[in-house]
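These are the residues of each chain, in order.
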Amino acid sequence: MPQTKKQDLLFSTMMSLLMVYLMTLYNIALENGQLALPYFLHALLGMWPEFVVIWIVNHFVVSKLAMRLAFRFVNPQKDHPMLVILSIQAMMVCCIVPYITLFATFFHHGFTSTWFTQWITLLVECFPMAFCLQIFFVGPIIRNVFRGIMKMHRQAKA
């Protein structure tokens, strides 16, 4: 896990990049009723507005809020570190999915008379996937990649 502000910036950027890419891909597949090869590039090209919003909201609002909420359920000094990590990840998803789905609703559909139902629908469609991706896929991958980067960095310094 990140120990410095610079490491936290790198870690959260890596996490945001992969989550936004995969969720963009997921939403494109939902819209088209299937997952096709061209959507992988389409997701990569179209993910950047959401990435910027996610990064800003995560960095300035959600990360502190998620930690406070998670620490209502776990104690970092007493509980197993993996339980603490999973609690923080769960709270991150709970906090950030409403923000990004609201942004995506307005960004992709504009402010219409049906914005609220579009937002709630998108929230309900995205939350389970975002939760599963974060807990079972993206979180473990990014933690392992981050550990590898930190190990290489320590070895380069030595």
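Residues numbered from 1 in each chain as written. Predicted model: local features only at pLDDT ≥ 70, side-chain atom pairs only at ≥ 80, totals over all residues. Heavy atoms only, no water.

Let us now look at the overall build of the protein chain. A tally of regular secondary structure across the protein chain gives five helices and zero strands. Traced from its N-terminal end to its C-terminal end, the protein chain shows the element sequence α-α-α-α-α. Relative to its length of 158 residues, the protein chain is compact, with a C-alpha radius of gyration of 17 Å against a globular reference of 15 Å. By principal-axis analysis of the C-alpha atoms, the protein chain measures approximately 55 × 35 × 25 Å. Across the 158 residues of the protein chain, 37% fall into the buried class. Pairs at least 24 apart in sequence give 68% of the contacts found in the protein chain among residues at least 6 apart. (Helix = DSSP H or I, 4+ residues; strand = E, 2+ residues; numbered from the N terminus. Rg over C-alpha atoms; globule rule 2.2 N^0.38 Å. Buried < 20%, exposed > 50% of the residue type's maximum accessible area, 1.4 Å probe, protein only. Contact = heavy atoms within 4.5 Å.)

What follows concerns the packing of aromatic side chains. Two measures describe an aromatic ring pair: the distance that separates the ring centres and the angle between the ring planes. Tallied over the entire structure, the rule returns eleven aromatic pairs. Aromatic side chains W115 and F116 sit 5.7 Å apart centroid to centroid with 90 degrees between the ring planes, which places their arrangement in the edge-to-face category. (Phe/Tyr/Trp six-rings, centres within 6.5 Å; stacked < 30°, edge-to-face > 60°.)

Looking now at helix 3 (residues 48–70). Taking 1.5 Å per residue as the helical rise, helix 3 with its 23 residues ought to reach 33 Å, whereas the 28 Å between its terminal C-alpha atoms falls clearly short. At N58, helix 3 shows its largest kink, close to 55 degrees. (Expected span 1.5 Å × (residues − 1). Bend = angle between axes of the 7 residues up to and from the residue.)

Evaluation of the coordinates by the stated rule reveals zero disulfides. In this structure C94 is not part of a disulfide, and its nearest cysteine sulfur, from C95, lies 6.7 Å away. With no disulfide of its own, C132 has C94 as its nearest cysteine by sulfur position, at a separation of 12 Å. Among the residues examined, C132 registers a relative accessible area of 38% and is labelled partly exposed. (Disulfide = S-S within 2.5 Å.)

Structurally, Q89 is set in helix 4 (residues 81–109). The residues touching Q89, leaving out its near neighbours within four places in the chain, are M15, Q134, I135, G139 and R143.

Quick look at the environment of F116 now. You can see F116 is positioned in helix 5 (residues 115–157). Taking the C-alpha atoms as reference points, F116 and L102, separated by 14 residues in sequence, lie 8.7 Å from one another.

Once that is clear, we can look at a nonpolar patch on the surface. A cluster of nonpolar side chains, V52, I56, F60, V61 and Y99, forms an exposed patch at the surface whose accessible area comes to about 460 Å². Of all the elements, helix 3 adds the most residues to the nonpolar patch, at four residues. Summarising the element assignment, Y99 is placed in helix 4. (Patch = residues over 30% accessible without salt bridge, like charges linked within 9 Å, V, L, I, M, F, W, Y side chains within 5 Å. Areas by Shrake-Rupley, 256 points an atom, 1.4 Å probe, with all protein chains shown as cover. Salt bridge = Lys/Arg side-chain N within 4 Å of Asp/Glu carboxyl O.)

Attention now goes to the packing of helix 2 (residues 38–46) against helix 3. Between helix 2 and helix 3, the shortest axis-to-axis distance is 6 Å and the interhelical angle comes to 50 degrees. On the basis of the axis angle, helix 2 is oblique to helix 3. Touching L44, L45 and G46 of helix 2 are W48, P49 and E50, all from helix 3. Of the residues belonging to the contact of helix 2 with helix 3, the class tally is four nonpolar, one polar and one charged. (Axes fitted to C-alpha atoms, helices over the stretch in contact; angles between N-to-C directions. Parallel < 35°, antiparallel > 145°, perpendicular 65-115°, else oblique. Nonpolar A, V, L, I, M, F, W, Y, C, P; charged D, E, K, R; others polar.)

Right, let's talk about the side chain of Q7 for a bit. Secondary-structure assignment places Q7 in helix 1 (residues 5–32). For Q7, the residues in contact, after removing those within four places along its chain, are M1, P2, F146 and M150.

Running from N to C, helix 1 and helix 2 cross one another at 125 degrees; their axes reach a closest spacing of 9 Å. Classified by the interaxial angle, the pair formed by helix 1 and helix 2 is oblique. As for how helix 1 packs across helix 2, the hand of that crossing is right-handed. In contact with Y21, T24, L25, I28 and N32 of helix 1, helix 2 contributes Y39, F40, H42, A43 and L44. For the contact of helix 1 with helix 2, the per-class residue count stands at seven nonpolar, three polar and no charged. (Left-handed = near helix turned anticlockwise from the far one by under 90°.)

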